[in-house]
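# Structural characterization, general
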Amino acid sequence: MKILNKVLTLTALTVGMAAVSAQDYELTFSNKTSTNIVDYTKTKTEGASKSASKFSGISNKAEAELLSERVDIGAMAEFTFSPVQTTEEALSETDHDGFSFELSDYDYYIEFRPIHQITLGYRSAVYAWGSYLPVWDDNLAGANFTTSEGLSVVVRPIDDLRIGAGFEPSTFGLDKKQNEDEEKVEKLKPIINLGADYNFQNLVKAGFALRNVAGSWNYNEEDDDFEERKLGFGAFVEADPIEGLVLNLGFAHNDYDGIGFALIDNLDLFSLQGENIATLGASFEQGPLTLALDTAFNFKADGETDGDAFYDTYIGASVGFNVTEDINVSLTGIFGIDRDSANTDKADTYIGVNPSASFTFAEHHEVGVGFQFEKAGDYSAFNFPIYYKYSF
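A few points on the structure. (Residues numbered from 1 in each chain as written. Predicted model: local features only at pLDDT ≥ 70, side-chain atom pairs only at ≥ 80, totals over all residues. Heavy atoms only, no water.)

### Considering the pairing of strand β18 (residues 272–286)
Two elements, strand β17 (residues 245–259) and β18, share eleven bridges in a ladder whose sense is antiparallel. Residue leucine 247 lies in a different strand from β18, and its bridge partner there is alanine 282. Where β18 meets strand β19 (residues 289–298), ten bridges bridge the pair, whose relative direction is antiparallel. Note that in β19 the partner of alanine 282 across the bridge is leucine 293. The hairpin turn running from β18 into β19, its antiparallel successor, is two residues long, and glycine 287 in that turn takes a positive phi close to 60 degrees. (Pairing = 2+ DSSP bridges. Helix = DSSP H or I, 4+ residues; strand = E, 2+ residues; numbered from the N terminus.)

Here is the structure:
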């Protein structure tokens with residue numbers, strides 16, 4: 001499987017670079033160096049209150065995109081220098097000296113348009129209109145009607161209509177002799193996603209996604225385990241009733257990624273997952289002022305889903321203001337609420353606050369500072385994010 005993915009990647013990049021070299025193109029690039037300076041965590045375990053603070057590490061994230069009439073190529077790589085000691089080890093006063101330097105995250109994609117109406121892609125996710133949550137700053141995974149891991153095709157029979165499909169070959173090439181659970185290996189099938197969306201005169205946009213149409217057990221390389229993936233469905237609507245106002249409404253069934261809404265979450269405690277999730281996002285821009293609000297709601301509170309819902313409701317709100325053309329200040333608030341259920345304990349209400357400011361200078365340079373604080377019951381944490389970003 002790894003060999004197959006590498007062959008596909010090298011082939012796609014080679015063809016893409018050859019096609020771009022023969023055309024006019026636009027190149028964008030950014031490099032962001034950031035740190036949270038110190039991560040402070042306080043919690044209670046076995047009736048005793050414990051706290052710990054440690055250097056948060058430094059990360060460097062580089063992104064580049066090469067855009068042309070026929071081919072688009074994008075890549076991202078993030079390297080992190082951080083202490084080997086985890087937050088759990090720091091709280092338990094377990095010594096674990098040293099630092100690590102690693103590739104902590106990466107992504108890339110390529111799109112090729114043989115004709116205007118058709119786009120062929122590799123690792124090119126396409127999300128239905130209406131699935132974006134502006135405070136969370138991401139799209140719901142259940143709205144992706146192509147794929148972020150495999151091959152995709154998007155057809156535009158008319159300019160405002162997109163019809164897409166994605167195919168992930170990641171389930172092929174597994175050696176049954178290397179896996180103990182052969183029964184599940186037999187159930188492996190390719191992951192196939194389908195969907196479409198339509199833009200009606202930039203006033204209303206609507207779309208849907210059908211995910212994992214084949215239905216199968218999915219092999220997770222990172223965890224070296226199998227996950228059952230049932231048919232997923234999502235429906236989404238975006239409305240732009242007046243200038244500057246955008247409203248997004250969505251519903252997803254069997255969205256296995258959920259929403260990790262916490263600002264810090266050093267202990268991996270806070271997320272919203274569920275069999276049926278409804279989302280609402282709203283943003284408004286008027287002059288120097290920007291307002292945003294989004295929420296997600298899990299219909300089941302009993303945790304009887306794949307990936308139990310630790311929280312059932314997420315709410316995010318933010319306000320931003322451009323003091324000058326180069327200076328921006330903002331304030332973000334996050335809430336996580338859990339409901340009573342017969343099968344799971346009710347989680348403490350989560351509250352997160354993030355004031356921040358950024359300054360742009362010499363056109364290509366930006367620096368930012370902030371403060372993040374979150375609390376849920378006996379747990380609390382804070383840090384001080386700062387960054388420098390260069391872009392063109």
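### Here we look at the environment of lysine 389
Among the secondary structure elements, lysine 389 is positioned in strand β26 (residues 386–391). Taking C-alpha positions, lysine 389 is 6.4 Å from threonine 33, a pair spaced 356 residues apart along the chain. For lysine 389, the residues in contact, after removing those within four places along its chain, are Ser30, Asn31, Lys32, His364, His365 and Glu366. (Contact = heavy atoms within 4.5 Å.)

### Remarks on the pattern of salt bridges
Note on pairing: side chains with opposite charge can pair once their charged atoms come close. On inspection of all chains with the given rule, the structure shows six salt bridges. We note a salt bridge from arginine 123 to aspartate 107, for which the minimum N-O separation is 3.1 Å. Separated by 16 residues along the polypeptide, arginine 123 in the loop between β7 (118–122) and β8 (132–133) and aspartate 107 in strand β6 (residues 99–115) bring together distant segments of the chain. We classify arginine 123 as buried; its relative accessible area is 11%. Aspartate 107 gets classed as partly exposed once you look at its relative accessible area, which sits at 36%. The partner of glutamate 149 in a salt bridge is arginine 123, and the shortest N-O contact between them spans 3.3 Å. Highlighted residues: glutamate 149 in the loop between β9 (138–139) and β10 (151–155) and arginine 123 in the loop between β7 and β8, separated in sequence by 26 residues. Residue classification places glutamate 149 among the partly exposed positions, given a relative accessible area of 40%. (Salt bridge = Lys/Arg side-chain N within 4 Å of Asp/Glu carboxyl O. Buried < 20%, exposed > 50% of the residue type's maximum accessible area, 1.4 Å probe, protein only.)

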